[in-house]
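This is what each chain is made of:
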Amino acid sequence: YTLKYEFLNTLYNGYAFFFGTVLPIMLLHLISIGVLSTVPDEYKVEATTELFIGMSMLIPLASIFLNHAATYSNELEKNIPERIMLFGFSEKSMLINKMLANYIFLTVCVAIYFMGTVPFIQIATPSPAAAIIFIIVIYLIAGMFMILAHGIATLIRKFGATYGVTMALYFAIMILSGDMGLPISKLPKFLRAVSDLLPTAQLSSGFVDFWLGKAYNFGPLIQSMIFFAALSFIVVLIAFKVRGRKTDGRIS
């Protein structure tokens with residue numbers, strides 16, 4: 001029942017569903033029709049494939065990061081977790097149910113993205129290894145985004161402020177990952193250094209080589225994932241510590 005409750009919570013946030021499914025599909029079709037129409041035919045499939053990979057990064061960014069931050073901060077503001085714990089549910093079990101519900105929602109969004117793009121655009125067929133690693137990385141990035149969203153929501157504990165912060169980060173990550181029409185190579189030097197630390201940027205810019213069977217260096221992608229995972233865990237640990245202090249203050 002709690003898993004069903006958490007899943008329905010994810011569905012109620014229409015903005016996350018729009019930004020996580022409709023928007024990437026729309027952007028992919030619009031850019032492929034407009035901008036990529038000027039690309040020479042011999043490079044068009046590769047360019048479309050790179051765009052397909054890049055736009056897929058919006059799915060975990062919106063369906064997990066924005067969605068979990070919004071729903072959880074709304075619950076915290078209304079003291080819903082505390083009320084659920086009164087019925088014998090532990091914080092650990094609630095968090096596990098939230099993660100399972102978010103991964104189910106992510107799977108639905110990925111499926112819709114594939115159905116709305118693959119039959120209508122021409123992309124290169126990946127090798128089995130590239131397809132498997134691509135899906136695994138999406139789910140790993142989604143997990144990192146959920147941890148980061150959980151930490152931000154726990155730290156702020158207000159729906160409006162949390163949604164504002166996460167929405168700002170959403171667009172910042174889109175820009176730094178080259179998903180807003182501005183290539184990463186055109187960013188200022190200091191912003192390119194920040195972009196290199198994002199796994200979404202690493203997957204958007206170079207993973208197409210591995211997809212096409214070319215030589216690909218996994219080092220930058222792995223390093224960015226380690227950095228982002230560490231950052232997410234640091235944020236959530238700081239949030240737990242700050243929340244613990246505030247709770248102790250109320251009790252005393």
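In the block above lies the structure referred to throughout.
Just so we're clear, the structure is a prediction, and the values are computed from it rather than from any experiment.

Caption draft 1: Focus on the pattern of salt bridges. Scanning all chains against the criterion turns up 3 salt bridges. Note that Glu82 and Arg157 form a salt bridge whose closest N and O atoms lie 3.7 Å from each other. Placement of the pair is Glu82 in helix α5 (residues 80–85) and Arg157 in the loop between α7 (128–156) and α8 (159–176), with a sequence separation of 75 residues. Overall, the relative accessible area of 35% leaves Glu82 in the partly exposed class.

Caption draft 2: Representation of helix α3 (residues 41–56) within the structure. Counted at 1.5 Å a residue, the expected span for α3 with its 16 residues is 22 Å, and the 23 Å between its end C-alpha atoms agrees. Taken together, the buried positions of α3 are Ala47, Thr48, Thr49, Leu51, Phe52, Ile53, Gly54, Met55 and Ser56. Those residues of α3 that are buried lie in contact with α2 (14–33), α4 (58–77), α6 (91–117), α7 and α10 (199–211).

Caption draft 3: Looking closely at the packing of α2 against α3. Here α2 crosses α3 at 155°, and the two axes come no closer than 9 Å. Relative to α3, the element α2 is oriented roughly antiparallel. Judged by the twist between their axes, the crossing of α2 over α3 is right-handed. Between α2 and α3, the residues in contact are Pro24, Leu27, Leu28, Ile31 and Ser32 and Leu51, Phe52 and Met55, respectively. Along the lines of polarity and charge, the residues of the contact of α2 with α3 split into 7 nonpolar, 1 polar and no charged.

Caption draft 4: Structural detail: the packing of aromatic side chains. Within this structure, the stated rule accounts for 19 aromatic pairs. An angle of 25° between the planes, with centres 5.2 Å apart, marks the rings of Phe52 and Tyr113 as stacked. Highlighted residues: Phe52 in helix α3 and Tyr113 in helix α6, separated in sequence by 61 residues. Classification of Phe52 as buried rests on a relative accessible area of 1%. Members of the aromatic cluster, connected to one another through ring pairs, are Phe52, Tyr113, Phe114, Phe134, Phe207, Phe210, Trp211, Tyr216 and Phe218.

Caption draft 5: Broad picture of the side chain of Thr49. By the secondary structure assignment, Thr49 is in helix α3. Taking the relative accessible area as the measure of exposure, Thr49 reaches 0% and is therefore buried. Excluding its chain neighbours within four sequence positions, the residues that come into contact with Thr49 are Ile123, Ala124, Val208 and Trp211.

Caption draft 6: Quick look at empty space enclosed by the protein. Counted by the stated rule, this structure contains 1 cavity of 30 Å³ or more. As a volume, the largest cavity reaches approximately 70 Å³. Considering the residues around the largest cavity, the lining is formed by Glu6, Asn9, Thr10, His68, Thr71, Tyr72, Glu75, Lys98, Ala101 and Asn102. When contributions to the lining of the largest cavity are tallied by element, the ones reaching two or more residues are α1 (2–12), α4 and α6. The biggest single contributor to the lining of the largest cavity is α4, with 4 residues. Each residue belonging to the lining of the largest cavity can be placed in one class, and the counts come to 2 nonpolar, 5 polar and 3 charged.

Caption draft 7: Representation of unusual backbone geometry. The phi dihedral of Asn79 falls on the positive side, at around 60°, and the residue is not glycine. Following the sequence through the fold, Asn79 ends up in the loop between α4 and α5. Classification of Asn79 by relative accessible area gives partly exposed; the value is 39%. One non-glycine residue with positive phi stands out, namely Arg157, at about 65°.

Each value, and the rule that gives it
- Residues numbered from 1 in each chain as written.
- Predicted model: local features only at pLDDT ≥ 70, side-chain atom pairs only at ≥ 80, totals over all residues.
- Heavy atoms only, no water.
- Salt bridge = Lys/Arg side-chain N within 4 Å of Asp/Glu carboxyl O.
- Helix = DSSP H or I, 4+ residues; strand = E, 2+ residues; numbered from the N terminus.
- Buried < 20%, exposed > 50% of the residue type's maximum accessible area, 1.4 Å probe, protein only.
- Expected span 1.5 Å × (residues − 1).
- Contact = heavy atoms within 4.5 Å.
- Axes fitted to C-alpha atoms, helices over the stretch in contact; angles between N-to-C directions.
- Parallel < 35°, antiparallel > 145°, perpendicular 65-115°, else oblique.
- Left-handed = near helix turned anticlockwise from the far one by under 90°.
- Nonpolar A, V, L, I, M, F, W, Y, C, P; charged D, E, K, R; others polar.
- Phe/Tyr/Trp six-rings, centres within 6.5 Å; stacked < 30°, edge-to-face > 60°.
- 1 Å grid on protein atoms, 1.4 Å probe; cavity = no way out; pocket = protein on both sides within 12 Å on 5 of 7 lines; lining within 4 Å.
- Points joined across faces, edges and corners; volume = space filled by probe spheres on them.

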